[in-house]
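Topology and contacts: notes
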Amino acid sequence: MVNFPLYDNLVSKLPSDIVIEDIDKQQLIQNINEYNDTHELVFAVIRCYQINNSNNINNEPFYSRYLKTKNGYKFDINNIPDKLIKMLMDFYIIHEKSEKSEKNEKNEKNENLN
């Protein structure tokens with residue numbers, strides 16, 4: 001088992017019954033495309049999931065391909081397990097809340113300076 005606090009936090013909050021709709025997959029794809037700064041963390045969560053849930057840990061996770069032109073991995077979301085999709089969806093909820101919080105703090109600091 002790999003010790004990765006973000007992964008552990010996401011796993012601990014998973015419901016027992018996970019239903020992923022196409023709209024959920026589209027939202028996840030949109031979030032991944034929108035937040036370039038999260039790609040390394042997303043890959044770490046995916047890789048950690050693979051290590052903890054698969055016997056095949058030597059290959060690229062979930063039939064992904066490394067694209068030299070993009071300097072990153074390409075995944076087919078239909079190859080990713082629903083549990084992992086839910087974890088990534090939850091990650092983006094946390095990320096968006098964090099970004100809003102940081103933005104509010106900056107605004108408050110700017111208001112206090114004026």
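For the structure itself, look to the data block above.
So, how was this worked out
Residues numbered from 1 in each chain as written. Predicted model: local features only at pLDDT ≥ 70, side-chain atom pairs only at ≥ 80, totals over all residues. Heavy atoms only, no water. Helix = DSSP H or I, 4+ residues; strand = E, 2+ residues; numbered from the N terminus. Buried < 20%, exposed > 50% of the residue type's maximum accessible area, 1.4 Å probe, protein only. Contact = heavy atoms within 4.5 Å. Areas by Shrake-Rupley, 256 points an atom, 1.4 Å probe, with all protein chains shown as cover. Lys, Arg positive; Asp, Glu negative; His and termini not counted. Charge placed at Lys NZ, Arg CZ, Asp CG, Glu CD. Phe/Tyr/Trp six-rings, centres within 6.5 Å; stacked < 30°, edge-to-face > 60°. 1 Å grid on protein atoms, 1.4 Å probe; cavity = no way out; pocket = protein on both sides within 12 Å on 5 of 7 lines; lining within 4 Å. Points joined across faces, edges and corners; volume = space filled by probe spheres on them. Nonpolar A, V, L, I, M, F, W, Y, C, P; charged D, E, K, R; others polar.

Attention shifts here to the overall build of the protein chain. Counting secondary structure elements, the protein chain contains four helices and two strands. Secondary structure of the protein chain in N-to-C order comes out as α-α-α-β-β-α. Expressed along its principal axes, the backbone C-alpha trace of the protein chain runs to roughly 55 × 40 × 30 Å. Of all 114 residues assigned to the protein chain, the portion counted as buried reaches 29%. Sequence-distant contacts, at least 24 apart, represent 69% of the contacts inside the protein chain between residues at least 6 apart. Carbon and sulfur atoms provide 46% of the accessible area of the protein chain, an area that totals close to 8,400 Å². If you average the places of the 14 positive and of the 18 negative side-chain charges in the protein chain, the two averages end up 5 Å apart.

Attention now moves to the packing of aromatic side chains. Under the criterion given, the structure shown has six aromatic pairs. Seen in terms of ring centroids, Phe43 and Tyr73 are 4.4 Å apart; in terms of plane orientation they differ by 15 degrees. Their pairing is stacked. One end of the pair, Phe43, is in helix 3 (residues 39–53); the other, Tyr73, is in strand 2 (residues 72–74), and 30 residues separate them in sequence. Note on Tyr73: relative accessible area 34%, which makes it partly exposed. By relative accessible area, which is 22% here, Phe43 ends up partly exposed.

Looking at the largest pocket, its volume works out to about 690 Å³. Breaking the lining of the largest pocket down by element, the ones donating at least two residues are helix 2 (22–34), helix 3 and strand 2. No other element matches helix 3, which puts five residues into the lining of the largest pocket. Residue composition of the lining of the largest pocket, by class: 12 nonpolar, five polar and four charged. Of the volumes computed, that of the second largest pocket is approximately 160 Å³. What lines the second largest pocket is simply Tyr49, Gln50, Asn53, Ser54, Asn56, Asn59, Glu60, Pro61, Phe62, Tyr63 and Asn79. Taken together, the residues of the lining of the second largest pocket break down into four nonpolar, six polar and one charged.

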